[in-house]
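Residue-level structure breakdown
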Amino acid sequence: MGEVIDGDRSALCDQVPHDTRCAILRQRIKDGRVLECIERWLKAGILDGKERVFPEQGRPQGSVLSPLLANGYVHEVLETGCETVVQAHGRGTGVLSRDADDCVMGCERAEDARRINEVLPKRFATYGRESTTAKTKVVDCGRPQRPPAGHTPGTCSVLGLVHDWGKTWRGRHPIKRQTEGKRLRRTLGECWRWCRANRHRPLQEQDASRCAKLRGHYQYYGIRCHSPCLDLVYHTATRAWR
């Protein structure tokens, strides 16, 4: 894939009306009792401080229903659109990689990527969400040329990792990944805040909790060619604890 459509995926499903959500679910769910249960769940309201409010759009944050609604909406808008529009009318091949509401779309040809970038806001508007191209861009992520001919490939961020082209000592160009800058800064800041808030606890409990947090970080970000970011987190956590 040479072109990647990188957009702002935050709050992807927070502006969708409830009627649109229910219409999408009716295409896949035929059990009327399940649909009635979901509609009643959406209309139950949420607590905003001490006040109960009844929003007509969005999804209940933190509830077990939220992942179901988000996946159903994103599947209908992006995956179905990719199958029916991109692969059917595009001149090159296209691919969509999605995990919940975090997704990235790649295209073989630049003209297909630009055309999709123009069509996406209209498709989102059809399904009840206002979207603009201001926060969506087409990034040229093609493999670096040999020898370099003034082409500098861009980067794309997905699942908290920045994907970029690296270079080995043999002159090859593998894909390298590193932690996204804002996530790395947030992790480093949380190390200091946690150590400051738990310094009154016994040292053995502090060490056990600190090691558990580091293991969880390593299990997610522990991938090939990613040791510099992992070392930075380890040394920061050790320094903050000491």
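Here the structure is shown first, and the text comes after it.
Residues numbered from 1 in each chain as written. Predicted model: local features only at pLDDT ≥ 70, side-chain atom pairs only at ≥ 80, totals over all residues. Heavy atoms only, no water.

Let's talk about the nonpolar core
Going by this rule: For the purposes of this section, nonpolar cores are sets of buried Ala, Val, Leu, Ile, Met, Phe, Trp, Tyr and Cys residues that join through side-chain atoms within 4.5 Å. The cut-offs for exposure are 20% and 50% of the maximum accessible area for each residue type, with area from a 1.4 Å probe on protein chains only; residues under the lower value are buried, those over the upper are exposed, and the others partly exposed. Only DSSP runs of H or I covering at least 4 residues are called helices, and only runs of E covering at least 2 are called strands; the numbering of each starts at the N terminus. Working rule for contacts: check all heavy atoms of both residues, and any pair within 4.5 Å makes them a contact.
Core analysis: the biggest nonpolar cluster contains 15 residues, and Tyr-73, Val-77, Leu-78, Leu-96 and Phe-124 have the highest contact counts within it. At 5 residues, helix α3 (residues 66–89) tops the list of elements feeding residues into this core. Among all residues touching Leu-78, those that are not within four sequence positions of it are Leu-96, Cys-103, Leu-120 and Phe-124. If you look at the next biggest cluster of nonpolar residues, it comprises 7 residues, including Leu-25, Ile-38, Leu-42 and Leu-65.

Things to note about empty space enclosed by the protein
We count it as follows: A cavity, in this analysis, means grid points on a 1 Å lattice covering only the protein atoms where a 1.4 Å probe fits yet has no way out; a pocket is instead an open set bounded by protein on both sides within 12 Å along at least five of seven lines, and a residue lines either one if it has an atom within 4 Å of a point. Grid points are joined across faces, edges and corners, and a volume is the space filled by probe spheres set on the points. Just so you know the grouping, Ala, Val, Leu, Ile, Met, Phe, Trp, Tyr, Cys and Pro go in nonpolar, Asp, Glu, Lys and Arg go in charged, and all remaining residues, Gly too, go in polar.
Enumeration according to the criterion identifies 1 cavity of 30 Å³ or more in this entry. Here the largest cavity is characterised by a volume of approximately 40 Å³. For the largest cavity, the full set of lining residues is Arg-21, Ile-24, Leu-25, Leu-69, Gly-72 and Tyr-73. Elements that contribute at least two residues to the lining of the largest cavity include exactly α1 (18–26) and α3. Looking at the lining of the largest cavity, its residues break down into 4 nonpolar, 1 polar and 1 charged.

Here's the deal with the pattern of salt bridges
Heads up, the condition is: Here, a salt bridge means any Lys or Arg side-chain nitrogen found within 4 Å of an Asp or Glu carboxyl oxygen.
What the rule picks out here adds up to 3 salt bridges. A salt bridge links Glu-205 to Arg-201; its shortest N-O distance comes to 3.6 Å. Among the residues examined, Glu-205 registers a relative accessible area of 41% and is labelled partly exposed. The exposure class assigned to Arg-201 is partly exposed, which follows from its relative accessible area of 24%. With a shortest N-O distance of 3.0 Å, Arg-210 and Asp-207 are connected by a salt bridge. With Arg-210 and Asp-207 both in helix α6 (residues 203–221) and 3 residues apart, the pair spans about one turn of that helix. The class of Arg-210 is buried, set by a relative accessible area of 11%.

Examining the packing of α6 against helix α7 (residues 227–241)
Any two packed helices are characterised by the angle at which their axes cross and by the distance between the axes. Convention followed: Where helices are involved, their axes are fitted lines through C-alpha atoms of the stretch in contact, as for all axes, and angles between N-to-C directions lie from 0 to 180°. In what follows, roughly perpendicular refers to angles from 65 to 115 degrees, roughly parallel to angles under 35, roughly antiparallel to angles over 145, and oblique to any angle outside these ranges. Should the near helix be turned anticlockwise from the far one by less than a right angle, the crossing is termed left-handed; should it be turned clockwise, right-handed.
Orientation of α6 relative to α7, taken along the N-to-C sense of each, is 165°, at an axis distance of 11 Å. One way to sum up the angle between α6 and α7 is to call them roughly antiparallel. The chirality of how α6 crosses α7 is right-handed. When α6 is examined against α7, the residues Leu-203, Gln-206, Asp-207, Arg-210, Leu-214, His-217, Tyr-218 and Tyr-221 are found in contact with a partner set consisting of Leu-230, Val-233, Tyr-234, Ala-237, Thr-238 and Trp-241. Within the contact of α6 with α7, the residues separate by chemical class into 9 nonpolar, 3 polar and 2 charged.

Here's the deal with the packing of aromatic side chains
Applied cut-off: In this analysis, rings of Phe, Tyr and Trp, with Trp reduced to its six-membered ring, are considered paired at centre separations within 6.5 Å, and the interplanar angle assigns stacked below 30 degrees, edge-to-face beyond 60, and tilted for intermediate values.
Within this structure, the stated rule accounts for 1 aromatic pair. Seen in terms of ring centroids, Tyr-220 and Tyr-221 are 4.7 Å apart; in terms of plane orientation they differ by 75°. Their pairing is edge-to-face. Looking at Tyr-220, the relative accessible area reads 41%, which means it is partly exposed. Since its relative accessible area comes to 8%, Tyr-221 is described here as buried.

Description of helix α2 (residues 32–42)
Owing to its 3.6 residues per turn, the α-helix brings residues three or four apart onto one side. Rules: For this quantity, the arc is that covered by the directions from the helix axis to the C-beta atoms. Residues adjacent in sequence count toward polar contacts only when both atoms are side-chain atoms; beyond that, a polar contact is any pair of N or O atoms within 3.5 Å, and within protein one must be able to donate a hydrogen and the other to accept it.
All buried positions along α2 are accounted for by Leu-35, Ile-38 and Leu-42. Projected onto a plane normal to the axis of α2, the buried residues spread over an arc of 60° and lie on a single side. The outward face of α2, more than 90 degrees from its buried face, is lined by the exposed residues Arg-33 and Arg-40. Of the residues that open α2, the one with a side-chain oxygen 3.0 Å from the backbone nitrogen of Arg-33 is Asp-31.

Topic: the packing of helix α5 (residues 181–197) against α6
For the pair α5 and α6, the least separation of the axes is 12 Å and the interaxial angle reads 170°. The angle between the axes of α5 and α6 places the two elements in the roughly antiparallel class. On α6, the residues that touch Arg-183, Thr-187 and Trp-194 of α5 are Gln-206, Ser-209, Arg-210, Lys-213, His-217 and Tyr-221.

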